[in-house]
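Fold and contact review
Below, each chain spelled out in residue letters.
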Amino acid sequence: MPDHDSIEISTPRGPARVDTDPPAGPAATLLVLGHGAGGSVDAPDLLAVRDAAVAAGLLVARVTQPYRVAGRRAPAPAGHLDEAWLAVVTQLRRRHPGASTLLLGGRSSGARVACRTAPALGAAGVVALAFPLHPPGRPERSRAAELPTAVPTLVVNGDRDPFGVPVAEGVVRVVERPGERHDLGRDPAGTATVVLDWLRRQGWAH
């Protein structure tokens, strides 16, 4: 993308990397996306959502957590992830004051971080790709409590995801993608279309 920008932002847990892609014109909405536990911000579903969102007028920032910048694959504890994310998003809001609407999102672990931090950051909405409801084979260890109760949230999961699929409730909308597993890798463009349709209905994309 022509105006792609990659920077490092200091956090209490070390430097994070942020890849930012602006739309063609002024952006009123900033969408910040996080990666999965052992993955990267170049996951196919994240890139597809980025492309669709940028084309629809959003400013998109993809955040690489400090543990991944340091070359580690094993994820940091949840509290450390949230602490770094809060610091990065706070800096991004200062850097892009024209984008007055904040949306958070990500895939898997990144979706959990976005959900947990959305209220504290004043996010208008959350896009949760492949939200891991529970560890595979352990439905009793549900993470449903991490889903926001007062922030409009779109969950997009595969109907064959071994991590489970959350139940739609209140402000949480759930879309199951047929034949998809946890990586949402069969049809990233279709997943991006689901996200874009929701963003448009909320008035955040054109």
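Throughout what follows, the structure given in this document is the object of discussion. Nothing here was measured: the structure is a model prediction, and the numbers come from that model. (Residues numbered from 1 in each chain as written. Predicted model: local features only at pLDDT ≥ 70, side-chain atom pairs only at ≥ 80, totals over all residues. Heavy atoms only, no water.)

So, about the pairing of strand β7 (residues 153-158). Across the six residues that make up β7, a large majority, six, are buried. Neither face of β7 is open: one carries Thr153, Val155 and Asn157, the other Leu154, Val156 and Gly158, and all of them are buried. Note: strand β6 (residues 125-129) against β7, four bridges, orientation parallel. Each residue of the ladder has a partner; that of valine 127, found in β7, is leucine 154. As paired elements, β7 and strand β8 (residues 172-177) share six bridges and run parallel to each other. Along β8, the bridge assignment pairs asparagine 157 with glutamate 176. (Buried < 20%, exposed > 50% of the residue type's maximum accessible area, 1.4 Å probe, protein only. Helix = DSSP H or I, 4+ residues; strand = E, 2+ residues; numbered from the N terminus. Pairing = 2+ DSSP bridges.)

Put simply, helix α3 (residues 78-95) and helix α4 (residues 109-121) touch, their axes get as near as 10 Å, and they point 60 degrees apart. Looking at the two axes, α3 sits oblique to α4. The hand of the α3/α4 crossing is right-handed. Taking contact as the criterion, the partners of Ala78, Leu81, Asp82, Trp85, Leu86, Val89, Thr90 and Arg93 in α3 are, on α4, Ser109, Val113, Ala114, Arg116, Thr117 and Leu121. (Axes fitted to C-alpha atoms, helices over the stretch in contact; angles between N-to-C directions. Parallel < 35°, antiparallel > 145°, perpendicular 65-115°, else oblique. Left-handed = near helix turned anticlockwise from the far one by under 90°. Contact = heavy atoms within 4.5 Å.)

Turning next to the sheet that holds β8. Across the sheet, which stays open at both edges, the eight strands sit in the order β1-β2-β4-β3-β5-β6-β7-β8 with mixed pairing between neighbours. The outermost strands of the open sheet, each flanked by one partner alone, are β1 (5-9) and β8. Within this sheet the neighbouring strands show an average axis-to-axis angle of 20 degrees, counted without direction. Pairing analysis gives five bridges linking strand β2 (residues 16-21) to strand β4 (residues 59-64), with the strands arranged antiparallel. Directly across from threonine 20, in β4, lies its bridge partner alanine 61. Contacting β3 (29-34), β5 (101-107) and β6, α4 crosses the sheet at an angle of about 155 degrees to β5.

A word on the packing of aromatic side chains. Per the counting criterion, the structure on display carries one aromatic pair. With a centroid separation of 5.5 Å and an interplanar angle of 70 degrees, the aromatic rings of tryptophan 198 and tryptophan 204 are classed as edge-to-face. The same class applies to tryptophan 198 as to tryptophan 204, namely buried. (Phe/Tyr/Trp six-rings, centres within 6.5 Å; stacked < 30°, edge-to-face > 60°.)

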